[in-house]
Structures are given as structure tokens and as C-alpha cells.
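Examination of the molecular architecture
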Amino acid sequence: MTADPAVWHDLKFRGTFATAYQRRILSSSDDYRCEGHIHVAAARRKSGHTTTINGMIESNDTNEKAIDRQLLKRYAEDFNSDRANLVAANAAVSAGVLEAATDYKGQRSLPCDFSIELKQGSITNQRRSGRCWMFASLNTLRYELMHTWNLDDFEFSETYLFFWDAMEKSNTYLENVLATLDEPTDSRIFQEINDGPADDGGWWQMFAALVNKYGLVPKSAYPESANSKDSDAFKQYLNSKLREFAADLRDRHAAGTPIDELRTLKNEDMSTVYRMCAIALGEPPETFDFLVRTSDDDKKDAGSDGIGSDKKTDKPKSGKDERRQIREFGITPIEFYRKYVPLDVNDLVTLCNVPMESRPFNTRYRIRFTANVAEAGDMEFINVPLDAFKKAAIDQISAGHPIWFACDCMQFSLRSAGYFDRDSVRVDQLFGTEFTFDKAQGLEYGDSPSNHAMTFTGVNLDGDGRPNRWKVENSWGKDNGDDGYYVASDAWFDRYVTEIIICKEYLDEATRSLLTAEPVELDPWEPLTKRSR
């Protein structure tokens, strides 16, 4: 047997050996052997054997990798012989997978009433942006503000923090570039840093860092813009410019420019970033005026000093709004936050429930290169068992405080109807196959990472005090869900909720003691939790 050079390829064996059959073939032709390489492709095709190369098993028969036509014929016959498949196909092709999989019994088992329910303001809408984490954060704070100051409704400016988040992420990206100047651009860490430098997504702690530094403003002081409602184009070109700045910094470093000069150049680059943000969103206010009126209940309880008194007076009735006013002139965002928000964002802690063997419970973790505000540091999480995770949530909402949470909102979700529930989305019945991943497997294999943040504003406890469903405030507008609200089954909570934000006073002693523990550092690609968008 002779070798055919037209079909043979070089294959370098690292720590492996050709089979005896391959050696016999190759011995007949020294022309097609070279040092460190053995021409074995034809031998592999002839032998039908398998070879292990760099830990990967390669078939010696390329045909066995292909979809077999006879098997395709059998698949089609099996499909068409089952009436259930035909019914399912008619439903799914016509109405879509989720509509076809909707189970009315599952929906009816989750009524939209709750034994503990918090009165919240109007539903918000993040539109076509990845600001859910910011909306959910502001929704938790506005609840506290509304009930402290007795307001019927209130909304913070999401665009205000969106502006500063874009600025801070841009600065941190360029600082990360300066910290990795000697990393090759195809290294894993640089690829992670360079992936969406100023993208929208985030965590609660990013929100807290922004509030600590820039404060808050009401929506009236800095309303939405076209580019906050739909951020794609703005962020596309901001990210492009940031990567150009990164390439320039790295080129100058390679040419010998010292780090202090590079940082000076970075600060000059940030002027361009500010210009782009201001053009896209408008400049944020340094001071603003503020006016709200308290609720009618406040007027009734105002006493006998005239305003809001129940006593009859000789004053004629009019259409004038006599509710008590709260007014400010020239207040700063930091002053507004400190005066009107009765909650310190630093008193809230991120708990996660990640039941993976590689992420032991009762451990504090820190994920590298996840900061948005450079000086605030990277994101930290305390991983706790499900029972501690859920107890903290029940205790906080029972005490009358909403809960920011992150989850995989795509799993077993009916967006229009407003359900998060496996029993309401029976894709297992539709497709005739079970979906068996547990929470750990879903996180380890990237099947159900956190991708969306919302707010728990209610829970229903059964006769034994156990939760069976949760009320969810979303930020997808009033046209989705039940007037913007969703109901999640407790089983869905267990499986797909990965993070909750809990006030320190509702932590058990064991969890509270972890707040000062030395964190275990993780690389950004290691499974724990992902940004919500």
C-alpha cells in the first residue's frame, strides 16, 4: 500500500503514538514522514480507529460524524406515526412554542392575590435598553421614599444614573486596559475586558456605587431621551471609540510611553466620552427644583390648622389642589438622596444561591474586573443555601420592604400573560421530552444564568407559613403581564432566582459574620452570576 499525498495531512502527535496499523502503512513510504509529524489521515480513514489528540477524541471515519440519511428517514417516520406530534406541530407552527405550551391549569393555580402585598407606584418601562438592574434598584428605593413622605406616586430619573454609568464604565474600561497592557489581545482576560466596554448591563452594587457618588434626581429633573429608551446605537459607537482609545494606549505602551503619560492621555480621552454621552442623553443637572404633593390621606390627617382639616369651614369649595406641598429650590442630587431616601444603599447585601460544588456555600466571593466605578471595587456576593436565601427574602418582605432580585427571566416565562412557572409553560409536554437540569447544572453549563433584574413586592404564604407564589414588579411597561406585574411560583423562585438584595438586619448571624470574611476571587468567566440587562 502506498500513501497518496493529495489526501494525506500532517498531524502532530503530542504525547500519543500512531497505531500499529498506521505504522505499517507509513513504513512503506518514508517520503511522507517528517520529524515530529506523521501522515496518518488516509490511514485513519482506512482503519476506522479513533485517535486521542490533545485530550480530544477524533474519529478516524469522517462519515460517522455526519447525520445518517437512513436515520433521518426513520426519525421522520417515527414523528409522523405519533398523532400527538402532529397536533403539537399544528399548534406550535401556528401560535408559537410558548402559546402552544401554555397550560391553563398551571395558570389557574397561581392567582394574582397575595397574603403579603406592598403598595407600589406606577409601572416603569425600560424600553429597548439593558437597564433592568437600574430600574429594579430605583423601584426598591422609590417605595421607601413614597411611604416615608406619603406620596401617591413617584419615579426617579433612570437616565441620570444611565449617563453616569456610561461615564464610569468607560473610565474603568480604560483603567483595566492600563492594568493589562502586557496581555496579548487574544488572552482570555483581555477578551473579557474588551467585551462590551460600556454595555448597559449591571448588578445592584453598580447601582449603589453610582448613588454613593452622584446621588439621585426625580424623573422630572432629567427625563428619558431617545437614546436612553433605545440605547443600541449610542452604546455601539461609544464602545467603538473606547476600543480605539485602548488600541492607542497599548500602541504607545509598546513604544515605551510611561504609565503616568498614558493615564494623562486616558483623562483626555474621557473628554470625548463625556461629549458623546452629553450629545446622546443631554447633560445631567448639578442642581434642580423639586415639587410634589402628598396624598389625600395626608390632607385628611393634617389636623385642625386649616389645611386638610375635617372641620366644616365657611370657605367656598374650589378646584384648587390643597394637598400639602414638598418643595426644594436648587437642591443637589446628593442632597436629595440623603434627605428624601430613608435607606442607605450601603446597608444592603447581595446574597446568591449557587448550589455548585465548585462554589461552596457560606462563602464570600469577588469577581475580578466587574466594577463600573473604579474606586468602588469589584462586585461581591455571599453564597448561601436555599433555606437561608429564602428566609431572608420572606423576612424582609414581611417587614414591608421590597426585594431587588436577579434571575433567568427567559425560562418558563409567559411575557404577555405574566407568569414565571414550569407548570404553566409545559414545553416538556409539547416536545415530548423532559428538561432535567437542576439549578447547579443550569448555572454550570450556562443554560440559566441571571440575565434580568426585577422586584418582589408580594408573597403568598400558605396555612403553614410557607411561600407558594411571589408577586413580581417588572420594568417592561403596563402592556405586559397583569398591568405590568407578574406572578412567579415558589418552585420557579427556587430554580431560577440567583440573587437577592437584603438589608443587613434581615440576615441571620451566620450570614452576617461573612460580611467581613476574606473574599474568594473569581475570574469573570467562572460561573457564579452574570450581569442583568
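Residues numbered from 1 in each chain as written. Predicted model: local features only at pLDDT ≥ 70, side-chain atom pairs only at ≥ 80, totals over all residues. Heavy atoms only, no water.

The number of helices and strands found in the protein chain is 20 helices and 19 strands. Across the protein chain, contacts joining residues at least 24 apart in sequence account for 77% of those joining residues at least 6 apart. Of the accessible surface of the protein chain, which amounts to about 27,100 Å², a share of 47% is contributed by carbon and sulfur atoms. (Helix = DSSP H or I, 4+ residues; strand = E, 2+ residues; numbered from the N terminus. Contact = heavy atoms within 4.5 Å. Areas by Shrake-Rupley, 256 points an atom, 1.4 Å probe, with all protein chains shown as cover.)

Right, let's get into the pairing of strand E15 (residues 452–461). Counting buried positions over the ten residues of E15 gives nine, a clear majority of the element. By the bridge criterion, two bridges tie strand E6 (residues 116–117) to E15 in an arrangement that is antiparallel. Residue pairing across strands places glutamate 117 opposite glycine 458, the latter belonging to E15. Strand direction decides the pairing type here: strand E12 (residues 403–407) and E15, joined by five bridges, are antiparallel. Bridging across to E15, phenylalanine 405 finds its partner in methionine 454. As defined by bridge partners, E15 adjoins strand E16 (residues 467–473) across six bridges and the pair is classed as antiparallel. (Buried < 20%, exposed > 50% of the residue type's maximum accessible area, 1.4 Å probe, protein only. Pairing = 2+ DSSP bridges.)

Taken as a whole and judged by the stated rule, the model has zero disulfides. In this model cysteine 407 remains outside any disulfide bridge; the closest cysteine sulfur is found in cysteine 409, 5.6 Å from its own. By relative accessible area, cysteine 407 is classed as buried at 0%. (Disulfide = S-S within 2.5 Å.)

Moving on, we get to the packing of helix H7 (residues 132–149) against helix H10 (residues 204–214). Axis separation between H7 and H10 bottoms out at 9 Å; the angle between their running directions is 65 degrees. Here the hand of the crossing between H7 and H10 comes out right-handed. Between H7, through Trp133, Ser137, Leu138, Thr140 and Leu141, and H10, the contact on the second element is made entirely by Trp204, Met206, Phe207 and Leu210. (Axes fitted to C-alpha atoms, helices over the stretch in contact; angles between N-to-C directions. Left-handed = near helix turned anticlockwise from the far one by under 90°.)

In the structure shown here, the tally under the stated rule is 26 aromatic pairs. Summarising the aromatic geometry, the rings of phenylalanine 163 and tryptophan 164 are spaced 4.9 Å apart at their centres and angled 80 degrees between planes, so their arrangement reads as edge-to-face. You can call phenylalanine 163 buried: its relative accessible area is 0%. Within the aromatic cluster, the residues linked to one another by ring pairs are Trp149, Phe154, Phe156, Phe288, Phe290, Phe336 and Tyr340. Lying over the aromatic face of phenylalanine 162, arginine 131 brings its terminal NZ or CZ to 5.4 Å of the ring centre. The positively charged end of arginine 415 is found above the aromatic ring belonging to tryptophan 476, 3.9 Å away from the centroid. (Phe/Tyr/Trp six-rings, centres within 6.5 Å; stacked < 30°, edge-to-face > 60°. Lys NZ or Arg CZ within 6 Å of the ring centre and 35° of its normal.)

Note: most peptide bonds trans; most residues except glycine with negative phi. The backbone phi angle of arginine 127 is positive, close to 55 degrees, even though this residue is not glycine. Checked against the element boundaries, arginine 127 lands in the loop between E6 and H7. A positive phi angle is found at asparagine 362, which is not glycine, with a value near 55 degrees. Looking at the element boundaries, asparagine 362 is found in the loop between strand E9 (348–352) and strand E10 (363–367).

The side chains of a regular strand alternate between both faces of the sheet. E10 sits mainly inside the fold: four of its five residues count as buried. With five bridges joining them, E10 and strand E11 (residues 379–383) adopt antiparallel strand pairing. The residue of E11 that forms the bridge with threonine 363 is asparagine 383. Where E10 meets strand E19 (residues 520–522), three bridges bridge the pair, whose relative direction is parallel. If you follow arginine 366 over to E19, its bridge partner there is glutamate 521.

Taken N-terminus to C-terminus, the directions of H10 and helix H15 (residues 333–340) make an angle of 110 degrees; their axes are 7 Å apart at the nearest point. Accordingly, the angle class assigned to the pair H10 and H15 is roughly perpendicular. Taking contact as the criterion, the partners of Val211, Asn212, Lys213 and Tyr214 in H10 are, on H15, Pro333, Ile334 and Tyr337. A per-class count over the contact of H10 with H15 returns five nonpolar, one polar and one charged. (Parallel < 35°, antiparallel > 145°, perpendicular 65-115°, else oblique. Nonpolar A, V, L, I, M, F, W, Y, C, P; charged D, E, K, R; others polar.)

With 13 residues, helix H16 (residues 386–398) should reach 18 Å at 1.5 Å per residue; the first-to-last C-alpha distance of 18 Å fits that figure. Those residues of H16 that sit buried are Ala388, Phe389, Lys390, Ala392, Ala393, Ile394, Gln396 and Ile397. Just past H16, the residue glycine 400 takes up positive phi, approximately 95 degrees. (Expected span 1.5 Å × (residues − 1).)

Another aspect to go through is the pattern of salt bridges. A side chain of one charge can pair with a side chain of the opposite charge if their charged atoms are brought near each other. By the definition in use, this model includes 34 salt bridges. One salt bridge connects arginine 323 with aspartate 152, and the closest N-O pair in it is separated by 3.7 Å. Placement of the pair is arginine 323 in the loop between helix H14 (296–300) and strand E8 (325–331) and aspartate 152 in the loop between H7 and helix H8 (158–179), with a sequence separation of 171 residues. A salt bridge links lysine 390 to aspartate 490; the nearest nitrogen and oxygen atoms lie 2.7 Å apart. With lysine 390 in helix H16 and aspartate 490 in helix H19 (residues 490–496), this residue pair connects regions lying 100 residues apart in the sequence. Residue lysine 390 shares its accessibility class with aspartate 490, and that shared class is buried. Each of Asp152, Arg293, Asp321 and Arg323 takes part in salt bridges that share partners, so that together they form one network. (Salt bridge = Lys/Arg side-chain N within 4 Å of Asp/Glu carboxyl O.)

When the pLDDT values of the protein chain are averaged, the result is 89; 85% of them are 70 or greater. Low pLDDT, under 50, characterises residues 1–47; the stretch is placed with 63 contacts to residues that sit more than four places away or in other chains. Per-residue pLDDT stays below 50 along residues 302–310; that stretch engages in twelve contacts with residues further than four places along the chain or on separate chains. (pLDDT = per-residue confidence, 0-100.)

A word on H10. Helical periodicity: at 3.6 residues per turn, an α-helix aligns residues three or four positions apart in one direction. Among the eleven residues that make up H10, nine are buried, leaving the element largely enclosed by the rest of the structure. Downstream of H10 by one or two residues, glycine 215 has phi in the positive range, about 75 degrees.

Glancing now at the side chain of arginine 469. With respect to the element layout, arginine 469 can be found in strand E16. Separated by 2.9 Å, the side chain of arginine 469 and the backbone oxygen of proline 111 make a polar contact. Beyond its immediate stretch of four places on either side in the chain, arginine 469 contacts Leu110, Pro111, Asp113, Phe114, Val459, Asn460, Val487, Ala488, Ser489 and Asp490. (Polar contact = N/O pair within 3.5 Å; in protein donor to acceptor, adjacent residues only side chain to side chain.)

This part covers the environment of glycine 196. Mapped onto the elements, glycine 196 comes out in the loop between helix H9 (188–193) and H10. With relative accessibility at 6%, the residue glycine 196 sits in the buried group. Along the backbone, glycine 196 and lysine 235 are 39 residues apart, and their C-alpha atoms lie at a distance of 8.7 Å. Once residues within four sequence positions are removed from consideration, glycine 196 is found in contact with Asn239 and Arg243.

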